[in-house]
Amino acid sequence: MRKLIIAALIGATAFPVAASAQSQGEVRRDRQDLRQEQRELNRAYRHGDRRDIREQRRDVREARQELREDVRDRNRAWGRNDWRGYRDHNRAIYARGNWNAPFRYTAFRPGIRIAPSYFGSRYYIADPWRYRLPNVGRNQRWVRHYNDVILVDTRRGVVVDVIRNFYW
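Cut-offs and rules
- Residues numbered from 1 in each chain as written.
- Predicted model: local features only at pLDDT ≥ 70, side-chain atom pairs only at ≥ 80, totals over all residues.
- Heavy atoms only, no water.
- pLDDT = per-residue confidence, 0-100.
- Contact = heavy atoms within 4.5 Å.
- Helix = DSSP H or I, 4+ residues; strand = E, 2+ residues; numbered from the N terminus.
- Salt bridge = Lys/Arg side-chain N within 4 Å of Asp/Glu carboxyl O.
- Buried < 20%, exposed > 50% of the residue type's maximum accessible area, 1.4 Å probe, protein only.

Engineer: How should I be thinking about the confidence of the model for the protein in this particular structure?
Structural biologist: In low-pLDDT regions, the fine details of the predicted coordinates are not to be read closely. Summing up the model confidence of the protein, the mean pLDDT is 81 and the portion of residues at 70 or higher is 79%. Throughout residues 15-21 the model reports pLDDT below 50, and contacts reaching past four residues in sequence, or to other chains, amount to 1 contact.

Engineer: Can you walk me through unusual backbone geometry in this structure?
Structural biologist: Despite not being glycine, Arg132 has its phi angle at roughly 65°, a positive value. Residue placement: Arg132 occurs in the loop between helix H5 (91-94) and strand S1 (140-145). Here Asn165, not a glycine, exhibits a phi torsion of approximately 50°, which is positive. Inspection of the secondary structure puts Asn165 in the segment after strand S3 (158-163).

Engineer: Can you help me understand the pattern of salt bridges in this one?
Structural biologist: It is possible for side chains of opposite charge to pair when their charged atoms get near one another. Counted according to the given criterion, the structure contains 4 salt bridges. The closest approach of N and O atoms between Glu62 and Arg58, which form a salt bridge, is 4.0 Å. Note that Glu62 and Arg58 are positioned in helix H3 (residues 50-74) at a spacing of 4 residues, about one turn of the helix. Judged by its relative accessible area of 40%, Arg58 is partly exposed. As a salt-bridge pair, Arg156 and Asp153 come within 2.8 Å of each other at their nearest N and O atoms.

What follows is the structure in structure tokens.
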């Protein structure tokens, strides 16, 4: 009985991880299903009667809805601290070695204006989704400054957010 309970607990904790890992595959399968349903709808227009056409339209609608839901799940907005738990389990992604800029370290805080040399294109984090950083607004970019990550409004040069000791 104890083994059964332990197996159930392990399965319950492992299932959400597997479900989130499959989201890209689910989106791909949903797109294939939608294409197949649209082909069947075209066939019904050519060779079917009204009832066949109505059923195929409903199937296409359902396939579109399912695709929208899976894309929404895949693209969910990450919260401010969602990267912390991910970093603990994926240390290699955040271990980028010694990174030094050609200027000294400055402990920036939100609200101050910084020079464009601090947030030039060579310091942009090209793939913030990989690190589970929150989505940015218009004219904002995540920038690396030594081991910190800074969200900068590139139009005005104002620091919007700072995450200290982001990298190991």
